[in-house]
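Spelled out, the chains give:
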2 protein chains.
Amino acid sequence: MNAEAIKRSLESGGLRCTPQRYAVMAFLTECKRHPTAAEIFEAVNRVDPRSSRATTYNNLRDLVQAGLVREVAVEGRAARFDAKGMRHHHFICDRCGNVEDIEWYNVRRPASRSLGKRILRECELIFRGLCIKCAQRRASG
Amino acid sequence: MNAEAIKRSLESGGLRCTPQRYAVMAFLTECKRHPTAAEIFEAVNRVDPRSSRATTYNNLRDLVQAGLVREVAVEGRAARFDAKGMRHHHFICDRCGNVEDIEWYNVRRPASRSLGKRILRECELIFRGLCIKCAQRRASG
DNA sequence: GAACAGTCTGGAATATATCTAATGTGACAT
DNA sequence: ATGTCACATTAGATATATTCCAGACTGTTC
């Protein structure tokens, strides 16, 4: 996604394209992992426009509310974020806690009986086990 | 689950049955929600055996390691816990953040191509949308 | 160019989790 | 019954993650 596209997507979410907000969105868009707020803060400050911690958190909140960014459900201490590009599921390593993407596929909805009057928006899968590195380490260790 | 059963399950996990540990396990077993560590701490101290915060955290860690308790993957600040009784999926409300159980059903595994050399232990579904209360509030509001 | 809404900032405050060092407890060999 | 060992617990200090706050800045509109 190029600069113009990021700018447009921010505006489509009703958000001004400020340098700090742009930097957060640009980093999330190009980042393959699922960075924590602290990592995003550090990354956008490695290059130019300085951004305070509070601003980084504010912008992440705004981006999530605007639906441009997803907060990933993991059980670690720090929240992790993810630009809403291609849909994917998540694999969480039991050993090292890393979160990796798994190719998207559709999932069977629950029976409407167990869903009741809830309004369902999306289903996401969380896989658990050992990531490739940890699986190898266990096998050879 | 009665007292004896809890005691046995602790010992089967290689854990001594101390009053504090028992209290945590007993509360999680009877609790229908998915309490945070702070809620568990408060609950086990409402009745008798006082337990310190550190002990509550230690015991939760031990119980998770022993496989008796699950740490639920949600995106809130505080970790949430769940006695591993009946398997279930989770529904997280977009509006109020409550975590509710959805009846278990088996989920199609990902293609082995996208899984690679990872070792898969379990798959869990996370549904998002509006819980019954919030759905009604929106409809009438 | 004044007023305004939205944004940014550093630092303080809060929430959450872990560490530390001292102490307590039960099992068991002596 | 005593000493010892491993495991548990405790209060308080510390670390980490997030939010709040009050003031300053910016771009737009009248």
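Let us look at the structure shown here. Computed from a predicted structure; not experimentally measured.

Time to look at the pattern of salt bridges. Under the criterion given, the structure shown has 27 salt bridges over all chains. Residue A:E122 is joined to A:R121 by a salt bridge in which the shortest nitrogen-to-oxygen separation is 3.7 Å. The network of salt bridges with common partners includes A:E75, A:D94, A:R128, B:R70, B:R87, B:R121, B:E122 and B:E124.

As a structural note, the neighbourhood of DNA strand C is formed by 17 residues, with A:T18, A:R50, A:T55, B:R77 and B:A79 the closest of them. What you see for DNA strand C is that sugar and phosphate hold 84% of its atoms within 4 Å of the protein. Between DNA strand C and A:R50, the relevant distance is 2.7 Å, taken from a phosphate oxygen to a main-chain nitrogen or oxygen of the residue. Between DNA strand C and B:Y57, the relevant distance is 3.0 Å, taken from a phosphate oxygen to a side-chain nitrogen or oxygen of the residue. Sorting the residues of the surface near DNA strand C by element identifies α2 (19–30) and α4 (53–65) of chain A together with α4 (53–65) of chain B as the ones contributing at least two each. Broken down by element, the residue count for the surface near DNA strand C peaks at three residues, all from α4(A). Of the residues in the surface near DNA strand C, the class split is six nonpolar, six polar and five charged.

Rules used in this analysis
- Counting starts from 1 at the beginning of each chain's written sequence and moves along it residue by residue.
- Going through the entries in the order they are written, you letter the chains from A and number the ligands from 1.
- Where totals are concerned, whole chains, interfaces and linings use all residues; where local detail is concerned, this predicted model gives features only for residues with pLDDT of at least 70, and gives and counts side-chain atom pairs only at 80 or more.
- The side-chain values count all of the structure's non-hydrogen atoms but skip hydrogen atoms and water molecules.
- We define a salt bridge as a contact between a side-chain nitrogen of Lys or Arg and a carboxyl oxygen of Asp or Glu at a distance within 4 Å.
- When at least one non-hydrogen atom of a residue lies within 4 Å of a molecule or strand, that residue is treated as near it.
- Here a polar contact is recorded for every N or O atom pair within 3.5 Å, except that within protein the pair must consist of a potential hydrogen donor and a potential acceptor, and residues adjacent in sequence are included only if both atoms are side-chain atoms.
- Put simply, DSSP marks the helices as runs of H or I at least four residues long and the strands as runs of E at least two long, and each gets a number from the N terminus on.
- Classification used: nonpolar for Ala, Val, Leu, Ile, Met, Phe, Trp, Tyr, Cys and Pro, charged for Asp, Glu, Lys and Arg, polar for all others including Gly.

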